[in-house]
Amino acid sequence: MSLRRPTHVLGLFGTILKWFSLVFLVPLAFALGHGTPLMPFIVPMILALVAGVALERTFPETDLEMADGFLLVVMTWLSVSALGALPFVLSGIGTLANPVNAFFESVSGFTCTGSTVMGVISLEKYPHSVMIWRQLTQWLGGMGILVLAVAILPRLAVGGTQFLDFEMSGPQVDRLTPHMAATARRLWVLYVGLSIALFLILIGLHYTGVDPLMDPFQALAHVLTTIPSGGFSPMGDSVGAFSAPVQWVIIPFMWVAAVNFALLWRSLFAGPRVLWEDTEWKVYTGLFLGVGVALSMVLIAHGQYPTPEENLRHGFFQMATFLTTTGYASTDFALWSGDALALLVLLMFIAGSVGSTSGGLKVMRWIVVVKAVGREVIQQVHPSSIRPLRMSGRPLKEHVIRGAILVVLAYFVLFGISLVVISFDARVAGLDVTAVDVVTAITATLGNIGPGFGAVGPMENFEFFPPLTKLWMCLLMIAGRLEIMTLLVVAMPMYWRE
């Protein structure tokens, strides 16, 4: 095993850690304002700062190769997740005082998964500073830690393309400008702009008396987890604790957060025509509307709620939260009929668009897979025919087609391995879990969705799983966020050879 590769990236990794230390100032400010302990945030801030400066000065700046990007991305995500767990452990409150639980919650936050091990989610039990840190992890991870680093650090601008390709969803980052740093800045401008827009609307609902519960803290907390398609909420009942207008407002923001951000940026200047020319956007939007209506009709047919508005609202809200992998709950959907739950399960394997904040396999990959299967069927009948696949009117390169198929295949292989690992660990631990518990827990973590069904439903949590299973699920969440291949490459022995 060669030591060249890790030492090659440690200097740049140190720079990232050094600047990452600043994010702890946000929960520190809340701790100061509410008179709660400061040390849970001072300790990780100092650790990140000292380690970052030491690495930056010890290892000189070098020209990175493309392969180095894989390692830098994985090191960054593992390290910030470990640092993010420290405030939970040092606070010493509830289930998060356990180091494994704290790491699980931190990984779930930064990967925007939304699965939780918190037994009681309440501002009465946890201080505002801890809860805002929990929310902030999702906002930082939504657009991507390295996307932010490329946007603000000149040192990362040169190799920014490879880092963003490995961190952002999709086969390749869609450049908005010739310079990747400028592209990263525009993506973050849009991300921040959407966050501000939602915050102002939610605050408006509070001060106009529409929903007194949606105070400034709650508005900020839900902005930090809606735009990144995260799903954490400081309320035990999630968004179900708020009024119908709040739920209706959040639905379109979940939709827009799962649209390709580069496409959104272009549509702001070139008009909506850009959207209608994009195949993935049309399929994604069609699924959003079509499944939303279908699910609402199922709820109405079963008389799930007394009024058409409630059935329509909960149907569209839960469709949106599953399709976009946000993970909120407007109601306890685990009590719905089997056909309604079947629609939700289907959405768990689809997800939003590439280049968005949503997790999962993405609509684009399923379009490519379906087109590739169709081409193979036709070529069985006409072997000599040459049929290039097209997306949005443009031919797809074969490596993009191959990459989409490989990610889908790797996803289900990892899913199968996880079934064996978690089922075996549950048996060893003497844990009585059903197939629904295991299957939906894997789907929820690998797909960065959040809640599942059964024992991991919307009003339950993942705390009951054995420590090994929770650590394995941390691996699944990171693999899902980095779309499997990045983590798989670093795990291969051949990667470490010169």
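Source: prediction; values computed, not measured.

**Some thoughts on the packing of aromatic side chains**
A full pass over the atoms with the stated rule returns 26 aromatic pairs. Seen from their ring centres, Y191 and F261 are 6.2 Å apart, and the 55 degrees between their planes marks the pair as tilted. Linking Y191 in helix α10 (residues 180-207) with F261 in helix α13 (residues 261-270), this pair joins segments that are 70 residues apart in sequence. With a centroid separation of 5.0 Å and an interplanar angle of 80 degrees, the aromatic rings of W276 and W281 are classed as edge-to-face. By relative accessible area, which is 56% here, W276 ends up exposed. Each residue in the set F349, W366, Y411, F412 and F415 is aromatic and connected to the rest through ring pairs, giving one cluster. A cation sits over an aromatic face here: R134 above F232, 3.8 Å from the ring centre.

**Overview of a nonpolar patch on the surface**
On the surface, a cluster of nonpolar side chains totalling about 350 Å² of accessible area is made up of L406, L409, V413 and I417. Along the polypeptide, V413 turns up in helix α19 (residues 398-428). Look at V413 and you get partly exposed, because its relative accessible area is 46%.

**Things to note about unusual backbone geometry**
For K362, which is not glycine, the phi torsion reads 80 degrees and is therefore positive. Tracing the backbone shows K362 in the loop between α17 (338-348) and α18 (363-381). At I484, a position not held by glycine, the phi torsion is positive, near 70 degrees. Here I484 shows up in the loop between α21 (467-481) and α22 (485-491).

**Focus on the environment of F465**
With respect to the helices, strands and loops of the structure, F465 is situated in the loop between α20 (435-446) and α21. According to the relative accessible area criterion, F465 is buried, its value standing at 3%. Counting along the chain gives 280 residues from F465 to R185, while the straight-line C-alpha distance between them is 40 Å. Among all residues touching F465, those that are not within four sequence positions of it are I422, L431, V433, A441, V456, K470 and M473.

**What to know about empty space enclosed by the protein**
Rolled over the atoms, a probe sized like a water molecule indicates the empty space that remains. All chains considered together, the criterion is met by three cavities of 30 Å³ or more. In this structure, the second largest cavity spans a volume of roughly 60 Å³. Taken together, G360, L361, R365, V407, Y411, L446, A479, G480, E483 and I484 form the lining of the second largest cavity. Of all the secondary-structure elements, those providing two or more residues to the lining of the second largest cavity are α19 and α21. Here the lining of the second largest cavity is composed, by residue class, of six nonpolar, two polar and two charged.

**Focus: the packing of helix α3 (residues 39-58) against helix α4 (residues 66-91)**
The contact between α3 and α4 brings their axes to 8 Å, and the two run at 150 degrees. When the interaxial angle is binned, α3 and α4 end up roughly antiparallel. Seen along the crossing, α3 lies across α4 with a hand that is right-handed. Between α3, through M39, P40, F41, V43, P44, L47 and A48, and α4, the contact on the second element is made entirely by L83, L86, P87, L90 and S91. Residue composition of the contact of α3 with α4, grouped by class: 11 nonpolar, one polar and no charged.

**Some thoughts on the layout of surface pockets**
Each pocket or cavity is described by its volume, and for the second largest pocket that value is around 330 Å³. Considering the residues around the second largest pocket, the lining is formed by 26 residues, among which T116, I121, G236, P458 and E460 are closest to the centre.

**Topic: the packing of α20 against α21**
Axis separation between α20 and α21 bottoms out at 7 Å; the angle between their running directions is 45 degrees. Taken together, the axes of α20 and α21 lie oblique to each other. For the pair α20 and α21, the contacting residues are A441, I442, T445 and L446 in the first and M473, L476, M477 and G480 in the second. Class assignment for the residues of the contact of α20 with α21 results in six nonpolar, two polar and no charged.

**A look at the environment of G450**
Relative to the helices and strands, G450 is located in the loop between α20 and α21. By relative accessible area, which is 0% here, G450 ends up buried. Ignoring any residue separated from it by four or fewer positions in sequence, one finds G450 in contact with T113, G114, S115, A444 and F462.

**As for the pattern of salt bridges**
Counted according to the given criterion, the structure contains seven salt bridges. Residue E105 is joined to R134 by a salt bridge in which the shortest nitrogen-to-oxygen separation is 2.8 Å. Residue E105 is found in helix α5 (residues 99-110), and its partner R134 is found in helix α6 (residues 128-143); the two are separated by 29 residues along the sequence. The pair formed by E105 and R134 is uniform in burial state, with each residue classed as buried. Within this structure, K362, R365 and E483 form a network of salt bridges that share partners.

**A short note on α20**
In a regular helix each residue adds 1.5 Å, so 12 residues correspond to 16 Å; α20 covers 16 Å between its end C-alpha atoms and thus fits that length. Among the 12 residues in α20, nine count as buried, and that is most of the element. Those residues of α20 that sit buried are D437, V438, T440, A441, I442, T443, A444, T445 and L446. Looking at the buried positions of α20, the neighbouring elements they touch are α17, α19 and α21. Positive phi shows up at N448, right after α20, with a value of about 55 degrees.

**Description of the environment of F13**
Residue position: F13 is located in helix α1 (residues 4-20). When its relative accessible area of 7% is taken as the criterion, F13 is described as buried.

Rules behind the numbers
Residues numbered from 1 in each chain as written. Predicted model: local features only at pLDDT ≥ 70, side-chain atom pairs only at ≥ 80, totals over all residues. Heavy atoms only, no water. Phe/Tyr/Trp six-rings, centres within 6.5 Å; stacked < 30°, edge-to-face > 60°. Helix = DSSP H or I, 4+ residues; strand = E, 2+ residues; numbered from the N terminus. Buried < 20%, exposed > 50% of the residue type's maximum accessible area, 1.4 Å probe, protein only. Lys NZ or Arg CZ within 6 Å of the ring centre and 35° of its normal. Patch = residues over 30% accessible without salt bridge, like charges linked within 9 Å, V, L, I, M, F, W, Y side chains within 5 Å. Areas by Shrake-Rupley, 256 points an atom, 1.4 Å probe, with all protein chains shown as cover. Salt bridge = Lys/Arg side-chain N within 4 Å of Asp/Glu carboxyl O. Contact = heavy atoms within 4.5 Å. 1 Å grid on protein atoms, 1.4 Å probe; cavity = no way out; pocket = protein on both sides within 12 Å on 5 of 7 lines; lining within 4 Å. Points joined across faces, edges and corners; volume = space filled by probe spheres on them. Nonpolar A, V, L, I, M, F, W, Y, C, P; charged D, E, K, R; others polar. Axes fitted to C-alpha atoms, helices over the stretch in contact; angles between N-to-C directions. Parallel < 35°, antiparallel > 145°, perpendicular 65-115°, else oblique. Left-handed = near helix turned anticlockwise from the far one by under 90°. Expected span 1.5 Å × (residues − 1).

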